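Descriptive analysis of the structure
Residue-level listing of the chains:
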Amino acid sequence: MATSSKPKLTLSVQYADERLKDVLTRPLLRKTIQAALFFPAELTLRIVDAEEGQELNRDYRGKDYATNVLTFAYTEDSDAEVTQADIILCTDVLEKEAKEQKKTVLEHAQHLVVHGVLHAQGYDHETDEEAEEMEALEIEILAGLGLANPYQE
């Protein structure tokens, strides 16, 4: 019987904003990321406040507002053996969206982490087809973690 081995993950977690440190623990983040990994990866997950989130989004994407998750993928279009990326979660946006969507902060955060990890591996949602593929993967990965479909009301 074949055993499924998880891709190797080297993970750094940075709590620039410590408000969710007790909710988004390193073991939980590692488990969530590992569920979305298809390839070995070296990832940094940084949790920031609205000010830093807005600054990063403005400086690197030309969009002057804080967003929920940013992924800086360094290897998505190469033949690298290890996926390398920085994933930024913004606490303020995360909490606001979770409340609006009537979800727990933890559920929403896990969805955004999965979303960011998929981006790091080259997935995108620029076209309808890409969006459908990415959403289907997110739903499947989150279900494997015991979480509901984030796209259902």
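Residues numbered from 1 in each chain as written. Predicted model: local features only at pLDDT ≥ 70, side-chain atom pairs only at ≥ 80, totals over all residues. Heavy atoms only, no water.

**Topic: the pairing of strand β1 (residues 9-15)**
What you see with β1 is a clean split: Leu 9, Leu 11, Val 13 and Tyr 15 sit on the buried side and Thr 10, Ser 12 and Gln 14 on the side with no burial. Considered for its hand, the β-α-β crossover made up of β1, helix α1 (residues 26-36) and strand β2 (residues 41-48) is left-handed. (Buried < 20%, exposed > 50% of the residue type's maximum accessible area, 1.4 Å probe, protein only. Helix = DSSP H or I, 4+ residues; strand = E, 2+ residues; numbered from the N terminus. Right-handed = clockwise from strand over helix to strand, strands pointing away.)

**Some remarks on the packing of aromatic side chains**
Summed over all chains, the structure comprises 2 aromatic pairs. Where Tyr 60 meets Phe 72, the ring centres are 5.3 Å apart and the plane angle is 75°; that geometry is what we call edge-to-face. Highlighted residues: Tyr 60 in helix α2 (residues 50-61) and Phe 72 in strand β3 (residues 69-73), separated in sequence by 12 residues. Residue Tyr 60 is classed as exposed on the basis of its relative accessible area of 58%. (Phe/Tyr/Trp six-rings, centres within 6.5 Å; stacked < 30°, edge-to-face > 60°.)

**Description of the sheet that holds β2**
Spatially, 4 strands are ordered β1-β2-β4-β3 in an open sheet, and the strand pairing comes out mixed. At either end of the open sheet lies a strand with only one pairing partner, and these are β1 and β3. Ignoring strand direction, the axes of neighbouring strands in this sheet form an average angle of 15°. Sheet topology places β1 next to β2; 7 bridges connect them, and they run parallel. Each residue of the ladder has a partner; that of Leu 11, found in β2, is Leu 43. Contacts from α1 reach β1 and β2, with the element oriented near 135° to β1. The strands touched by helix α4 (residues 105-120) are β2, β3 and β4 (83-90); relative to β3, the strand with the most contacts, the crossing angle is about 25°. (Pairing = 2+ DSSP bridges. Axes fitted to C-alpha atoms, helices over the stretch in contact; angles between N-to-C directions. Contact = heavy atoms within 4.5 Å.)

**A word on the environment of Val 114**
When you line up the elements, Val 114 lands in helix α4. Residues Val 114 and Lys 6, spaced 108 residues apart in sequence, show a C-alpha to C-alpha distance of 15 Å. Excluding residues within four positions of it along the chain, Val 114 makes contact with Thr 32, Ala 36, Glu 138, Ile 141 and Leu 142.

**Considering a negative patch on the surface**
Together, Glu 126, Asp 128, Glu 129, Glu 130, Glu 132, Glu 133 and Glu 135 give the surface a local cluster of negative charge. Mapped onto the elements, Glu 135 comes out in helix α5 (residues 128-144). For Glu 135, a relative accessible area of 32% gives the class partly exposed. (Patch = residues over 30% accessible without salt bridge, like charges linked within 9 Å, V, L, I, M, F, W, Y side chains within 5 Å. Areas by Shrake-Rupley, 256 points an atom, 1.4 Å probe, with all protein chains shown as cover. Salt bridge = Lys/Arg side-chain N within 4 Å of Asp/Glu carboxyl O. Lys, Arg positive; Asp, Glu negative; His and termini not counted. Charge placed at Lys NZ, Arg CZ, Asp CG, Glu CD.)

**Some words on α4**
In this model, α4 (16 residues) spans 22 Å end to end at C-alpha, consistent with the 22 Å of a helix rising 1.5 Å per residue. Of all 16 residues in α4, 13 are buried, a share of seventy percent or more. Two residues or fewer past α4, Gly 122 is found with a positive phi of approximately 100°. (Expected span 1.5 Å × (residues − 1).)

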